[in-house]
Each structure stands twice: as structure tokens, then as C-alpha cells.
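# Tertiary structure, described
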Amino acid sequence: MMRALILGGTADASLLAVEIARAGIDAIYSYGGRTRAPADQPLPTRIGGFGGVSGLADYIRSERITHVIDATHPFAAEMSRNAVAACAQTDTPLIALERAPWLKTPGDNWTDVADVNAAVATLPETPANVFLAIGRQHIAPFATKPQHSYTLRFVDPPEAPLPFAADVIVSRGPFTLDSELEMMRTRGIAWIVARNSGGDGARAKIDAARMLGLPAIMISRPELPERRRVESVTDVMQWLGHSTRLGE
């Protein structure tokens, strides 16, 4: 009997959960636990970490998981690496549902950097209004440039004091181009720092920056071990041996 484990937390993972439930596949949806109010899923759900590679391998064995789908955020590198190692240990088929990265288009003023520390170094020394679209787990290094006025956007209100003064927006995407343009204009944003997450749901801020002629510091994706990777829910369903007709 097939039993799938979805390592989720993204819009793509939620869409996959709907299709898997519709197909009648026995599956479990796993949240990493960073969002305090995760979206409801049409599948049995667990929240929290596994305890590293060994913990995930034990879970795969104890729950008799036959297939693992890594549909985590492209920057959830530790979970993705753990999935590769645990599936190798347990001889469990693994596939990654990973959206394509954004590509620079005419009019984009990007500086590509390897990581958050490089993004901090790329910001100017002159004070500016900076939109950090990178998630709360990665903002601490920016405290080394306190001269800037930072705007942050989180799904949940911060539980602990921030490492620097900032304008915090609490809102859940996806966001529209019009709303991103209004936010940037209202706050006088001069620089954007973003991770190259890819997909359509978070792209509006990139399009808004291009339209406003703003420079964007784009953090590249982390390198991950070799694994089977697809970009669509349809491809995952075919891998599982099922077809899907999205939207029906």
C-alpha cells in the first residue's frame, strides 16, 4: 500500500495535498512548525521537526511511508538535505516539488549574492528605506547596518524583540502588484532584499521593484544534494502513478 509523506509549508504543497486527497492516496502532510496558524489541509497533518536525519528515518519506518515529496520552501535547505539522507537510509523514493527560480528580465536592477551576509555587505552605507523580504529567521545580520530604516513583513507577529527597530507588516500573501506598489511608495522604499524563491505567489514585489526602478539584492538558492526534481503538481502525481486534472 502506498503511503506518502509531504514535507510542506508552501502554496505548491497545499495544491499537491488537494490533488493527493482527491486521488484517494493515503498521505500525511508535515509542517515545519514555524507558522503559528498553518493553513488547514485535506490530509492528516503533523507539525514540528523530526529530530534530524535519524528522526526522519525513524518516522518513515514507523509510519510505513513509501514515498516522500519534498515540497518545502526552496530555502529550507536543512530539511531538504535531511530528506535526501533519510530517504537514502530507508531506501524510500524521494521527489522534490520545487518551483523554478526567477530570472532577470529587462528593467530589473538586481545584484545577485550568495547569502544573507553578502546581502548586508551590498547595502549602501548611506541611510535608506529597505524592504527585507527574507523571513524573520534571517534578519539578525542586518543589525550591523542600523542606519537604515527597515520594513519587514511576517505571516505572524514577532514573538521576541527584533534585533533592530523596524516597521513590521503582519500579512499573509499572495500579494498583488498594486498592493506591492502602494506599500513601497507609501514607505518610500529605496532598496529591496529578497530570496530567489521563484513562483508566482511572491513575484509581485519583484515586478513592483522593476516598475519603480528600485535596486534589488537577490539572494541565491542554497546548493542541495542531487535528487529528483519537478516543477509541477502534475509531475508529482504522475510519479505517484496518478493523473491529475487541476481545477476540476
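First, a word on what this report is: a plain description of the structure on this page. In this text, all values refer to a predicted model and were calculated from it rather than measured experimentally.

Thresholds applied
Residues numbered from 1 in each chain as written. Predicted model: local features only at pLDDT ≥ 70, side-chain atom pairs only at ≥ 80, totals over all residues. Heavy atoms only, no water. Core = buried A, V, L, I, M, F, W, Y, C linked by side-chain atoms within 4.5 Å. Buried < 20%, exposed > 50% of the residue type's maximum accessible area, 1.4 Å probe, protein only. Helix = DSSP H or I, 4+ residues; strand = E, 2+ residues; numbered from the N terminus. Contact = heavy atoms within 4.5 Å. Expected span 1.5 Å × (residues − 1). Salt bridge = Lys/Arg side-chain N within 4 Å of Asp/Glu carboxyl O.

### Some points on the nonpolar core
Judged by nonpolar contacts, the single largest core of 21 residues is most densely connected at I6, L16, I20, I69, L97, V236 and L240. Those elements that provide at least two residues to this core are β1 (4-7), α1 (11-22), β2 (27-31), β5 (94-97) and α7 (233-239). If we ignore the near neighbours within four places in the chain, the residues touching I6 are A13, L16, A17, I20, I28, Y29, S30, L43, I69 and A71. Counting residues in each nonpolar core, the second largest holds 20 residues, with F75, V120, L132 and I134 among its members.

### Quick word on helix α3 (residues 77-90)
Over its 14 residues, α3 runs 20 Å from end to end, which matches the ideal 20 Å to within 8%, given 1.5 Å per residue. Among the residues making up α3, those that are buried are A77, S80, N82, A83, V84, A86, C87 and T90. Against β1, α2 (52-62), β4 (67-70) and β5 lie the buried residues of α3. Following α3 by one or two positions, D91 has its phi on the positive side, about 55°.

### Notes on the pattern of salt bridges
Opposite charge on two side chains lets them pair, provided their charged atoms get close. Under the definition given, this model contains 16 salt bridges. With a closest N to O distance of 3.2 Å, R3 and D26 form a salt bridge. Taken as a pair, R3 in the segment before β1 and D26 in the loop between α1 and β2 lie far apart in primary sequence, 23 residues in all. On the basis of relative accessibility, which here comes to 37%, the residue D26 falls in the partly exposed class. Within the structure, one salt-bridge network assembled from shared partners comprises D70, E98, R221, R227, R229 and E231.

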